[in-house]
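Notes for the structure review
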Amino acid sequence: MTQHIDRQSIGELAPPNRLMLTPGPSSMDPRVYRALATPLVGHLDPWFKGCMDDTQALLRQIFQTENRITMPLSASGSGGIEASVLNTLEEGDEAIICVNGVFSDRMAVIASHTPAKITKVEAPYGKPVDPEDVRRAGKGKKIKIVGLAHGETSSGVLTQIDPFRKVADELGALLIVDAVASLAGVPLHVDRQHIDICFSGTQKAISAPPGMSPITVSPRAEEVFRTRKSKVQSWYFDLSTAMNYWGKDRLYHHTPPISLIYALREAMRLVVEEGLEARWERHRVNQLALIAGLEAMGLELLAKNPADRLATVTAVMIPDGIDDVMVRSQLLEEFNIEIAGGLGPVKGKIWRVGLMGYCSQKPYVLLFLAALEKVLLDQGFRLPSGAGVGAAIHSYTQARPEAVGVSR
Ligand SMILES: Cc1ncc(COP(=O)(O)O)c(C=O)c1O
């Protein structure tokens, strides 16, 4: 029998106000919430077409590109992966995907849904793939795309793009970059770095709600789309037809999530007001303070080489004898702070702490370190009192003062 539902049993929506120090979604600026609550208009309303122009101009600024195809896909970050590989790969093609965690592996998994031959070049969790391994794997072959995750969120690892561009050029391949966890938090220049397709997610360092995947496509990749022999294996993610709406004609393709576009526009206005370089620096400085604090508490990071660490996501090894879930639950219940656990082979072995966009702030770093100390002490972990906060404060005293907070 269907359960009877009355007004008492399902009350008005009242979610808790969490501090989301996760690898996404991140907490949002009040201005982004306000944008979400503004009046809905139609997706073909003349006013909305101007809002789309603003959104695309801001996206080009944040991607650092002049690419014509630059738009927010109506999909989460995984939709960006799907669009990138489905629009480039067809029967007879070969692709190399650099895999060093769950999300770069997802690119290989999604690519395997196409008829192309997929080769994975792998590195262990905590390290980037070696471009030399890609060169070896592609030698003598006709490779259509090389794909990688700039920020591998499952392990907190940053991959340097330029060496892979060089290898992709030698192989005559397009370079596809997953910047879901890095865009607006880590230096990235789509045009200067000659990235052919780059996509992101709105819920991470841009700090807008989840549900959109900004994507940009180089003229060279556009030419590859034009000369395809077969149809793209998706109607929804065929970027050439989706551009009928996001291009100059603004022709109906599908009904986009209008309120999410408002929120994305406002979140990107915040990015541009702060300045991209200042924002990258803020992420760098706050992560350095977090790491100083964690290490002073006797904790270790998964990525041993500082140059491999992704500024937006820090992967921390869970000490022996400490219960992953109990720590995360206590942080949530006692301090209203959410952090994430590990995925795949590092499940139960690491915590992932996100300092993304709005969440990359000095007060949050210090609050988190103090809260973690309390929780770890309750779990029986021995650590010097106040060591984490003290080391983070020391790290901040070495940094430029404007680089640590949200500047407004
Ligand atoms: C690097 C990376 N790529 C892709 C994704 C998939 O994004 P979504 O969960 O928004 O589909 C994520 C999500 O965390 C990610 O971190």
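Here is a short report on the structure shown in this document. These numbers were taken from a predicted model, which means no experiment stands behind them. (Residues numbered from 1 in each chain as written. Predicted model: local features only at pLDDT ≥ 70, side-chain atom pairs only at ≥ 80, totals over all residues. Heavy atoms only, no water.)

Some details on the overall build of the protein
Looking only at helices and strands, the protein has 13 helices and 14 strands in total. Here the C-alpha radius of gyration of the protein, 22 Å, is about what a compact globule of 408 residues would show, namely 22 Å. Its C-alpha atoms give the protein principal-axis dimensions of roughly 65 × 60 × 55 Å. Expressed as a percentage of the 408 residues in the protein, the buried residues total 57%. Within the protein, residue pairs in contact and separated by at least 24 positions form 74% of the contacts whose partners lie at least 6 positions apart. Surface summary for the protein: the accessible area is close to 17,800 Å², and the carbon and sulfur share equals 55%. Side chains of the protein carry 44 positive and 45 negative charges; the gap between the two charge centres is 2 Å. (Helix = DSSP H or I, 4+ residues; strand = E, 2+ residues; numbered from the N terminus. Rg over C-alpha atoms; globule rule 2.2 N^0.38 Å. Buried < 20%, exposed > 50% of the residue type's maximum accessible area, 1.4 Å probe, protein only. Contact = heavy atoms within 4.5 Å. Areas by Shrake-Rupley, 256 points an atom, 1.4 Å probe, with all protein chains shown as cover. Lys, Arg positive; Asp, Glu negative; His and termini not counted. Charge placed at Lys NZ, Arg CZ, Asp CG, Glu CD.)

A few points about the site of the ligand
For the ligand, the full set of nearby residues is S76, G77, S78, I81, F103, R106, G151, T153, D178, V180, Q203 and K204. In this structure, D178 approaches the ligand through a side-chain N or O atom, which is 2.6 Å from a nitrogen atom. Bound to the protein, the ligand loses 88% of the 390 Å² it would expose on its own. Ranked by residue count, the leading element in the shell around the ligand is helix α3 (residues 77-88), at three residues. (Near = heavy atom within 4 Å. Polar contact = N/O pair within 3.5 Å; in protein donor to acceptor, adjacent residues only side chain to side chain.)

Brief notes about unusual backbone geometry
Leave glycine aside and you will find that most residues have negative phi; peptide bonds, for their part, are mostly trans. G24 connects to P25 through a cis peptide bond whose omega is 0°. Within the element layout of this structure, P25 appears in the loop between β1 (19-20) and α1 (30-36). The backbone of A184 shows a phi angle near 75°, a positive value even though the residue is not glycine. Its place among the elements puts A184 in the loop between β8 (174-178) and β9 (197-199). In this structure, S207 takes a positive phi of about 60° despite not being glycine. Judged by relative accessible area, which is 3%, S207 ranks as buried.

What about the pairing of β8?
Here β8 lies mainly inside the structure; five of its five residues are buried. Every second residue of β8 is oriented toward a common face, with L174, I176 and D178 on one face and L175 and V177 on the other, all of them buried. Strand direction decides the pairing type here: strand β5 (residues 145-149) and β8, joined by five bridges, are parallel. Looking at β8, one finds that L148 is bridged to V177. Bridging between β8 and β9 involves three bridges; their strand directions are parallel. Bridging across to β9, V177 finds its partner in C198. (Pairing = 2+ DSSP bridges.)

Some words on helix α11 (residues 324-335)
The terminal C-alpha atoms of α11 lie 16 Å apart, and with twelve residues this matches the ideal 16 Å at 1.5 Å per residue to within 8%. D324, V327, Q330 and L331 are the residues of α11 that are buried. Buried residues of α11 fall within an arc of 145° about the axis and therefore sit on the same side. Buried positions along α11 lie against β12 (337-338), β13 (340-341), β14 (350-354) and α12 (362-378). Its side-chain oxygen 3.0 Å from the backbone nitrogen of V325, D323 forms the N-cap of α11. Following α11 by one or two positions, N336 adopts a phi angle in the positive range, close to 65°. (Expected span 1.5 Å × (residues − 1). Arc of directions from axis to C-beta.)

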